Amino acid sequence: MGTYVVTGSASGMGAQAAERLRADGHRVIGVDRADADVVADLSTPGGRQLAVDEVLGQCDGVLDGAVLAAGLGPKAGAERAIVEVNVLGVTELLTGLRPALAAADKAKVVVFGSNSTTSTPLVPRRAVRLLLRGDTEAAARVISRRGPLSAPVAYASSKLAVSYWCRRAAVSADWAGAGIRMNILAPGPVLTPLLLGQLKSGTGKQVRSFPVPAREYGTPEQIAEWVSVMLSPAADFMVGAVITVDGGTEALLRPRDW
Ligand code: NAI
């Protein structure tokens with residue numbers, strides 16, 4: 001049985017993924033702001049470093065896999081925190097944990113992207129470039145020019161940047177070359193506290209009007225099944241893929257692009 005780190009382990013899809021891994025007999029090191037094996041605030045450089053140090057200490061230098069599910073949704077006024085957690089909370093953690101992943105045999109990494117990357121208009125490419133450089137302050141400034149759309153744009157920018165980073169890293173000598181299989185899971189609307197918060201907020205009407213051909217929302221249990229497959233030997237030949245599980249929104253909006 002393996003040792004896995006799961007960020008965002010206290011709620012929603014991260015919690016479900018952690019539960020599924022534990023039920024399968026694996027050891028899970030959960031990371032979250034509270035109620036976790038490692039309590040760390042991934043919106044700050046100090047919190048991210050603490051998370052890396054604690055996880056490396058607890059896993060004895062070997063990790064069979066990582067699930068990066070911690071994330072903030074498109075909440076107005078939280079744009080800087082959104083990009084800090086959703087981008088650097090993934091890239092800095094993975095960079096710090098890479099030696100432990102490389103020490104395992106064919107470790108697997110699942111990063112939570114989102115189908116917002118392909119369904120949100122007006123994402124400034126400059127913000128995505130700045131995020132890829134780790135300049136969250138400048139990126140947040142660029143994003144704030146979108147006015148009332150700043151929060152959804154911050155969210156989509158963060159998920160685009162983290163997906164680009166993962167796809168680039170996934171195929172490199174340091175990752176695929178070191179035996180690590182890194183892939184992205186891009187859900188559409190899934191019934192978690194994050195989505196429920198959006199549905200109850202001022203943007204609830206827009207969220208409800210989002211077209212989902214399946215005519216229902218996903219569940220954390222369904223997504224945890226996909227995580228489980230992406231951590232299994234079935235993913236030995238899967239590198240840098242974006243697996244979209246979104247009830248059909250992406251296919252509806254972009255039938256010819258994939
Ligand atoms: P959730 O809100 O239920 O869980 C997210 C977890 O991340 C929480 O436990 C929270 O405490 C943790 N987190 C947030 N900020 C943190 C910080 N600064 N430091 C440490 N932990 C922090 O959300 P959900 O829906 O389970 O989301 C999981 C991932 O899936 C996120 O990356 C989200 O962006 C992504 N996603 C969610 C969708 C949805 O409809 N629910 C759709 C597409 C992507």
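Residues numbered from 1 in each chain as written. Predicted model: local features only at pLDDT ≥ 70, side-chain atom pairs only at ≥ 80, totals over all residues.

This is how it is decided: UniProt positions are given in the numbering used here, feature names are shortened, and annotations may be inferred rather than shown by experiment.
The name an unreviewed UniProt entry gives the chain is SDR family oxidoreductase, with Gordonia phosphorivorans as the organism. Under the Sequence similarities (unreviewed entry) heading, UniProt states for the chain: "Belongs to the short-chain dehydrogenases/reductases (SDR) family."

Section: the overall build of the chain
The criterion, for reference: Secondary structure elements follow DSSP: runs of H or I no shorter than four residues count as helices, runs of E no shorter than two count as strands, and numbering proceeds from the N terminus. Radius of gyration means the value over C-alpha atoms here, while the globule rule gives 2.2 Å times the residue count to the 0.38 power. Buried means a residue has 20 or more other C-beta atoms within 10 Å of its own C-beta, exposed means 12 or fewer, and partly exposed covers the counts in between; C-beta atoms are placed from the backbone. Think of it this way: build a C-beta for each residue from its backbone, and any pair within 7 Å is a contact.
Scanning the chain from terminus to terminus reveals 11 helices and 7 strands. Against the 2.2 N^0.38 benchmark of 18 Å for 258 residues, the chain shows a C-alpha radius of gyration of 17 Å, consistent with a compact globule. Along the first, second and third principal axes, the C-alpha set of the chain runs to 45 × 40 × 35 Å. Residues classed as buried in the chain amount to 49% of the 258 residues present. Contacts in the chain between residues at least 24 apart in sequence constitute 77% of all its contacts with a sequence separation of at least 6.

Let's talk about unusual backbone geometry
You will see that Asp35, though not glycine, has its phi angle at about 55 degrees, which is positive. Of note, Asp35 is situated in the loop between strand S2 (27-32) and strand S3 (38-39). Located in the positive-phi region is Asp60, a residue other than glycine, with phi close to 55 degrees. Relative to the helices and strands, Asp60 resides in the loop between helix H2 (45-58) and strand S4 (65-68).

What to know about the site of the ligand
For clarity, the threshold we go by: Any residue whose C-beta atom, as placed from the backbone, lies within 6 Å of a molecule or strand is termed near it. By the convention adopted, Pro, Cys, Tyr, Trp, Phe, Met, Ile, Leu, Val and Ala count as nonpolar, Lys, Arg, Asp and Glu as charged, and the other residues, Gly among them, as polar.
The local shell around the ligand holds 25 residues, among which Gly8, Ser11, Gly12, Gly71 and Thr192 are the closest. In the shell around the ligand, the residues fall into 14 nonpolar, 8 polar and 3 charged.

What about the environment of Ala151?
Its place among the elements puts Ala151 in helix H7 (residues 150-170). Ala151 sits in the buried class, given 22 other C-beta atoms within 10 Å. C-alpha of Ala151 to C-alpha of Lys106: the two residues are 45 residues apart in sequence and 37 Å apart in space. If we ignore the near neighbours within four places in the chain, the residues touching Ala151 are Pro74, Lys75, Ala76, Ala78 and Glu79.

Concerning the nonpolar core
To keep things clear, this is the line we draw: Think of a nonpolar core as buried Ala, Val, Leu, Ile, Met, Phe, Trp, Tyr and Cys residues chained together by C-beta atoms that fall within 7 Å.
In this structure, Ala66, Leu68, Leu97 and Val111 are the most contacted members of the largest nonpolar core, which totals 75 residues. The element that contributes the greatest number of residues to this core is H7, accounting for 12 residues.

Remarks on the packing of helix H3 (residues 79-102) against helix H6 (residues 136-144)
Formally: With axes taken as lines fitted to C-alpha atoms, and helix axes fitted only over the stretch in contact, angles between N-to-C directions fall between 0 and 180 degrees. Roughly parallel covers angles under 35 degrees, roughly antiparallel covers those over 145, roughly perpendicular covers 65 to 115, and oblique covers all other angles. In this scheme the crossing of two helices becomes right-handed for a clockwise turn of the near helix relative to the far one and left-handed for an anticlockwise turn of less than a right angle.
The geometry of H3 relative to H6 is characterised by a closest axis approach of 9 Å and an angle of 130 degrees between their N-to-C directions. Taken together, H3 and H6 sit at an angle that is classed as oblique. In this structure, H3 meets H6 at a crossing whose hand is right-handed. When H3 is examined against H6, the residues Glu79, Arg80, Val83, Glu84 and Leu88 are found in contact with a partner set consisting of Thr136, Ala139, Ala140, Ile143 and Ser144. Taken together, the residues of the contact of H3 with H6 sort by class into 5 nonpolar, 2 polar and 3 charged.

Looking at the environment of Arg80
Take Arg80: it is sitting in helix H3. Arg80 sits 57 residues away from Glu137 along the chain, and the two C-alpha atoms are 7.0 Å apart. In this view, Arg80 contacts Thr136 and Ala140; residues no more than four positions away in its chain are not counted.

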